[in-house]
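Next come the chains, spelled out residue by residue.
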Amino acid sequence: MVKGDAPGAFLAGMAGTPASLSGGPVNRAALLRESSVAVESASALLGYYSHLASMRACKAARRREGPAATHPLEAELRLDAAKALASAREMAGAALRSARHLKAAGQLDAVLDAWQTGLEASGSVRVEDLWHALEQDAAMRQGLRERGVSDELWAEIGRQVGSLEGRVFLRDGRSAAEVRLAGQTAWTTAVFASSQRGMPASVAELLRRGEFERLVGLFEAGQPLPFGAAGAGVSLEPVDLADLILAGSLLSVESVAQHKRKLEDTGLATYAGSEVGVVLFIAGLVAIAIGMLTVGLFCPGGEHETLCTAGKVLVFLGGLAFIVAGGFFAAGGVRELLIISMMGLKLDLGLLGIKTD
Amino acid sequence: MLSHVFSDLAGFPGSRADEAFDPSIPLSAIPAGYDAILQCSPHLLQHVLSVNLAQAGLAILSARVPFHADLLPPKLLAAITPHLTVTDQLLGREASVEVIVSGAQVLTLRSNVEPSESSVPPHAGAGSTGSRAPRPRRVVDIGWTLQLNLFKTEPARPDRNALPGDPGPGAGSPGGLRGGLLNDIDLSELVLTTGDGPNPAPPAGSRLALATGTVLMHVPTDLEAFPVLQFWLALDFDGVSPVYASDDPLLVEFLGTGFGTGLLAQAVAPLLGQSVRLSPAVALGGNLSAAQVASLALPPLHVQDVVVTDDGGEVLALCVTLGGEQGGVLTESAAAPSLVRSFLNKRHFAWYESERIFGPVLAARWRANAMHAPIVSDVPVEMPVGEDSEETGQGLARIQVHVSDALKEWSVRPSIDPRFGDPLRLISEQTIRLLRLWDPNGHEIHDLGELGVPAVEPFVMSLQMFDPLPPGAQQVLHPLLETFLLALLKPVYLPCLERFAVKQISGFSSSALRAFVVRWNLKTPRDEVTAGLPTGGVLANG
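Rules used throughout
- Residues numbered from 1 in each chain as written.
- Chains lettered and ligands numbered in written order.
- Predicted model: local features only at pLDDT ≥ 70, side-chain atom pairs only at ≥ 80, totals over all residues.
- Heavy atoms only, no water.
- Helix = DSSP H or I, 4+ residues; strand = E, 2+ residues; numbered from the N terminus.
- Buried < 20%, exposed > 50% of the residue type's maximum accessible area, 1.4 Å probe, protein only.
- Contact = heavy atoms within 4.5 Å.
- Areas by Shrake-Rupley, 256 points an atom, 1.4 Å probe, with all protein chains shown as cover.
- Pairing = 2+ DSSP bridges.
- Salt bridge = Lys/Arg side-chain N within 4 Å of Asp/Glu carboxyl O.
- Phe/Tyr/Trp six-rings, centres within 6.5 Å; stacked < 30°, edge-to-face > 60°.
- Polar contact = N/O pair within 3.5 Å; in protein donor to acceptor, adjacent residues only side chain to side chain.
- Disulfide = S-S within 2.5 Å.
- Axes fitted to C-alpha atoms, helices over the stretch in contact; angles between N-to-C directions.
- Left-handed = near helix turned anticlockwise from the far one by under 90°.
- Nonpolar A, V, L, I, M, F, W, Y, C, P; charged D, E, K, R; others polar.
- pLDDT = per-residue confidence, 0-100.
- Core = buried A, V, L, I, M, F, W, Y, C linked by side-chain atoms within 4.5 Å.
- Arc of directions from axis to C-beta.

1. Section: the overall build of chain A
Thought 1: Regarding its fold elements, chain A presents twelve helices and five strands.
Thought 2: When the 357 residues of chain A are sorted by exposure, 60% land in the buried category.
Thought 3: Relative to all contacts within chain A whose residues are 6 or more apart in sequence, the contacts with residues 24 or more apart total 79%.
Thought 4: Accessible area for chain A stands at about 12800 Å²; split by element, carbon and sulfur atoms hold 52% of it.

2. Some points on the overall build of chain B
Thought 1: For chain B, the count of helices and strands is eleven helices and 20 strands.
Thought 2: Here chain B holds 542 residues, and 54% of them are scored as buried.
Thought 3: Expressed as a percentage of contacts within chain B between residues at least 6 apart in sequence, the contacts between residues at least 24 apart total 78%.
Thought 4: Surface exposure of chain B reaches about 21900 Å², of which carbon and sulfur atoms provide 54%.

3. Re the pairing of strand 3 (residues 174-181) of chain A
Residue and element names in this part refer to chain A.
Thought 1: Taking burial as the measure, the eight residues of strand 3 include six buried ones, the bulk of the element.
Thought 2: With eight bridges connecting them, strand 2 (residues 164-171) and strand 3 associate as antiparallel partners. Across the sheet, the residue bridging to Phe-169 is Ala-176, located in strand 3.
Thought 3: In this antiparallel pair of consecutive strands, strand 2 and strand 3, the connection spans two residues, and Asp-172 shows a positive phi of 50°.

4. Here's the deal with the pattern of salt bridges
Thought 1: Enumeration according to the criterion identifies 28 salt bridges over all chains in this entry.
Thought 2: Between Glu-156 of chain A and Arg-159 of chain A there is a salt bridge, and its shortest N-O distance comes to 2.6 Å. Within this pair, Glu-156 of chain A and its partner Arg-159 of chain A are both found in helix 7 (residues 151-161), separated by three residues, close to a single helical turn.
Thought 3: Classification of Arg-159 of chain A as exposed rests on a relative accessible area of 52%.
Thought 4: For Asp-35 of chain B, the salt bridge is made with Arg-356 of chain B, and the minimal N-O distance between the two is 3.0 Å. Here the residue Asp-35 of chain B occupies a position in the loop between helix 2 (16-19) and strand 1 (36-40), and Arg-356 of chain B occupies one in helix 9 (residues 355-368), the gap between them amounting to 321 residues.
Thought 5: Classification of Asp-35 of chain B by relative accessible area gives buried; the value is 8%.

5. Focus on the packing of aromatic side chains
Thought 1: As enumerated under the stated definition, the model contains 13 aromatic pairs over all chains in all.
Thought 2: Aromatic pair Trp-115 of chain A and Phe-316 of chain A: ring centres 3.8 Å apart, planes at 75°, arrangement edge-to-face. Pair noted here: Trp-115 of chain A is in helix 4 (residues 107-122) and Phe-316 of chain A is in helix 12 (residues 305-326), with a separation of 201 residues, a long-range link.
Thought 3: On the basis of relative accessibility, which here comes to 1%, the residue Trp-115 of chain A falls in the buried class.
Thought 4: Looking at Phe-316 of chain A, the relative accessible area reads 2%, which means it is buried.
Thought 5: Ring geometry for Phe-500 of chain B against Trp-520 of chain B: centres 5.6 Å apart, planes inclined by 45°, an arrangement best described as tilted. A residue pair is termed long-range when its members are at least 10 positions apart, and Phe-500 of chain B in the loop between helix 10 (479-493) and strand 19 (502-510) and Trp-520 of chain B in strand 20 (residues 515-522) qualify at 20 residues.

6. Here we look at the environment of Asn-521 of chain B
All names here are of chain B.
Thought 1: For Asn-521, the position within the fold is in strand 20.
Thought 2: C-alpha separation for the pair Asn-521 and His-43, spaced 478 residues apart in sequence, amounts to 9.7 Å.
Thought 3: Setting aside anything within four residues of it in sequence, one finds Asn-521 in contact with Lys-346, Arg-347, His-348, Ala-501, Val-502, Lys-503 and Gln-504.
Thought 4: A polar contact is formed between the side chain of Asn-521 and the backbone nitrogen of His-348, at a distance of 2.9 Å.

7. Thoughts on the state of the cysteines
Thought 1: According to the stated counting rule, one finds one disulfide over all chains in the structure shown.
Thought 2: Paired through a disulfide, Cys-299 of chain A and Cys-308 of chain A show a sulfur-sulfur distance of 2.0 Å. Where Cys-299 of chain A bonds to Cys-308 of chain A through sulfur, the torsion about that S-S bond is close to 100°, and the disulfide is right-handed. The same class applies to Cys-299 of chain A as to Cys-308 of chain A, namely buried.
Thought 3: Cys-40 of chain B carries a free sulfur, and the closest cysteine sulfur to it, the one in Cys-496 of chain B, is 7.5 Å from it.

8. Observations regarding the pairing of strand 4 (residues 188-193) of chain A
All names here are of chain A.
Thought 1: Within strand 4, six of the six residues are buried, which leaves the element mostly enclosed by the surrounding structure.
Thought 2: Where burial is concerned, the two faces of strand 4 agree: the one with Thr-188, Ala-190 and Phe-192 and the one with Thr-189, Val-191 and Ala-193 are both buried.
Thought 3: In this sheet, strand 4 lies alongside strand 3 in antiparallel orientation, the contact comprising four bridges. Directly across from Glu-178, in strand 4, lies its bridge partner Thr-189.
Thought 4: Turn length for the strand 3-strand 4 hairpin, with the two strands adjacent in sequence and antiparallel, is six residues, and the turn residue Gly-183 shows positive phi of about 100°.

9. Points about the packing of helix 3 (residues 71-104) of chain A against helix 9 (residues 211-220) of chain A
Residues and elements named next belong to chain A.
Thought 1: For the pair helix 3 and helix 9, the least separation of the axes is 10 Å and the interaxial angle reads 145°. The two elements helix 3 and helix 9 meet at a crossing, and its hand is left-handed. Side by side, helix 3 and helix 9 meet where Arg-89, Ala-92, Gly-93, Leu-96, Arg-97, Ala-99, Arg-100 and Lys-103 of the first sit next to Phe-212, Glu-213, Val-216, Gly-217, Phe-219 and Glu-220 of the second.
Thought 2: Residues of the contact of helix 3 with helix 9, tallied by class, amount to six nonpolar, two polar and six charged.

10. Observations regarding the sheet that holds strand 2 of chain A
Residue and element names in this part refer to chain A.
Thought 1: With respect to topology, five strands assemble into an open sheet ordered 1-2-3-4-5, the strand pairing being mixed. Lying at the two open borders of the sheet, with one neighbouring strand each, are strand 1 (125-126) and strand 5 (238-240).
Thought 2: Against the sheet, helix 10 (residues 241-266) contacts strand 4 and strand 5, and its axis sits at roughly 75° relative to strand 5.

11. Digging into the confidence of the model for chain B
Residue and element names in this part refer to chain B.
Thought 1: Of the residues in chain B, 73% have a pLDDT of 70 or more, and the chain-wide mean is 77.
Thought 2: Segment residues 125-133: pLDDT under 50, and 21 contacts once partners within four positions in sequence are set aside and those in other chains are kept.
Thought 3: Scoring the predicted complex yields pTM 0.81 and, for the interface, ipTM 0.82.

12. A closer look at unusual backbone geometry
Thought 1: Despite not being glycine, Asn-345 of chain B shows a phi value in the positive range, around 55°.
Thought 2: Looking at the secondary structure, you find Asn-345 of chain B in the loop between strand 12 (313-322) and strand 13 (349-354).

13. Here's the deal with the confidence of the model for chain A
All names here are of chain A.
Thought 1: Counting all residues, the mean pLDDT for chain A is 78, and 79% of those residues have values of 70 or more.
Thought 2: The least confident element of chain A is strand 5, whose mean pLDDT is 78; the most confident is strand 1, at 94.
Thought 3: Every residue in residues 227-236 scores below 50 in pLDDT, and together they form 49 contacts with partners more than four places removed in sequence or on other chains.
Thought 4: Predicted confidence for residues 329-357 stays below pLDDT 50, and this span has 127 contacts to residues more than four positions away or in other chains.

14. A few points about the nonpolar core
In a soluble, globular protein the nonpolar side chains are often hidden away together inside.
Thought 1: Grouped together as the largest cluster of nonpolar side chains are 125 residues, with contacts concentrated most on Leu-76, Trp-144 and Phe-254 of chain B.
Thought 2: It is strand 6 (residues 206-226) of chain B that provides the largest number of residues to this core, a total of eight residues.
Thought 3: With sequence-adjacent residues up to four places away left out, Leu-76 of chain B is seen in contact with Val-97, Leu-148, Leu-210, Leu-250, Glu-253, Phe-254 and Phe-259 of chain B.
Thought 4: Listed in part, the 104 residues of the second largest apolar core include Leu-112, Leu-153 and Ile-157 of chain A together with Ile-416 of chain B.

15. Structural notes on helix 7 (residues 258-268) of chain B
Thought 1: When we look at burial in helix 7 of chain B, the residues that qualify are Phe-259, Gly-260, Leu-263, Leu-264, Ala-267 and Val-268 of chain B. Down the axis of helix 7 of chain B, the buried side of the element spans an arc of 155°, and every buried residue falls inside it.

Put into structure tokens, the structure is as follows:
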């Protein structure tokens, strides 16, 4: 899977990273189950967005016939959008559960360590080359195919994640990326950090620790989240990989929710607008989901080095897709996600239940 | 006080399933190019008019002239004479001819006029009084009840607290009565259930209704707008010519005399020249001062009124735009119907407000109601069980939070859970200081080191504006935050200066429209009794 010197050195460096020693065992059956949910949901979602594109064209074509001409179609589409939102929630839930499990098992930190080791070996690497290397990895493609990742889904991931451009490099000893979608003018930069260990270094760090697990638990339990879904997450500050997955997962769901709400409240637009970002989110999420599955299945034990490395790259590219997709939505930092619970003020259940008498 | 409203909201959830998807009220019809639209049902307009007339002492207009037989037209004299008794003279009861004009009713808002418009730059000086309508003004037909009475003063008697409705001596006295009843005026309708104004009462005495008729007034309106983001539609009674009518020959004869017209002119004189609010007094920024509004540097405020109809009758819509001369399409002609449609949904009040208005207003109110006192709270934290341990457990941190007085961002975000409405997200800053820390074993860590350095972090709130609490859940907010939020958000739910007793507040937020829709009903006296609550307004600005 080597393509060019830098990516080759990077991938070789990653492959040489020792397996995680700090975490617990990986539940492969659970990961397979979650991956299956994620893949199925992603296929449904991408199918919906494909249908949506044809609906837009249909509406545009019938515009002269008046609004009534497309009302039945839009009513049907609203039902489909509700299903799409449910799929997005399932997909995000699967990704988040997988991330929580892999984080507890030390595998997410191992992924980050591997990136860093790879970059130390290679120097800066082009993002486009990383995807190209994955595309040519027949073993990985076959392994994913056997686990339900259809050629159509893989092609869609390729269309989205493959359209990222930029570079991965080290900044102050940490993995960093400068990335954009092909055709965009602005670059987005992110610096990655391992999950916190030892005594927190600041009060903010102290208060933020453990929030990932708590928020995933809230999402799983179907409770309103205290931040009302994330603002778009583009932060120059070091970002924990688990936090990025959390932000990206929730923003993926929010982007589908936003589309659904527009359908309900203002009708189907005849242009796609920010849906470019939605599809990128979905592709990023499914890339991370199957990347984490690959990591979970093949990294522990160190027996399938190539597949393990490919999984780490896929997780990384999925993370970059999140970062770029975030730029299509409201501004705000990933860090916003984790703030509101700091004071123990449980606003998440809604303001309207206040009773003073 | 506002908590009553919020708890009421909890009882009447604003479900999008009920609100947004009513096929008769497509959401796309609501904004029609405006930044805010207020809609009032006929019932609410009637209520506002009655209250404002009563507060101005204009709900009951009356005039009396002492009985002089030679002044009265023949039929009136004939009707009165049998009721003037020797007993009255012995008791010192003085008889008068009285006219009472009362029971103002809004008959119709629809007139063949263009919608009126008023505009004022919000950042204009505080002393600015707004501008009058440049186009022909709307004319509202107001109907009144006219009563011609024989009025007798009460003799001195021990019970001075008799109700005006007390028939008193002479009640039910036989003989040639027209109308036949005393005190036909239903005063109960005029008892205020909201507001602080006086409760006008006619002079004490006994009344014999001799004849009844009607008074019709074609009253022009003014759309008043003020620099503090306040506006309303007011009836301008200046120069109004009442039209009196009756089927009763006695009253017909009376109206044809100089005596009659003079007495009526005297009765309605206090009203003529007055301006009386017909619509609620809309205050987009709540009780923000002129200086606070000016600091927003908003574009000029334009308000237009239009009347639309729904199943409940005529609906007054006050449509607001910031900046542009005119937002949506406002006509009342059948050929080109207005894009504004009723979204009252069988309520008395409906309010659409876009982010262009509520965003700056919330920012100003955030600053005006800033939490200057810090919030101190104990929160669980995850931390190592020992100094060099990889194992973590749950410790406890006592933190002090100072919330900034600047609101940096506001937006309605799409809800990621279809069971809930779209949350309002507000972003400010907070300065967090760790005061004390206990490790997972309960031991206090006295040397906080770097942890003791205050941190400035985003302060993010995500508020479900219209969702009820899940069953069994109980919301507990820090008192400081609760007070702050209530002050912050009140104009979103109740953008009025008046004190209304309201019920069944509902609504929804839309991230797609970037707006809120709020609806509510007025409480009725029966609601008050049922709830065991004191009568009077439950809401107060300020």
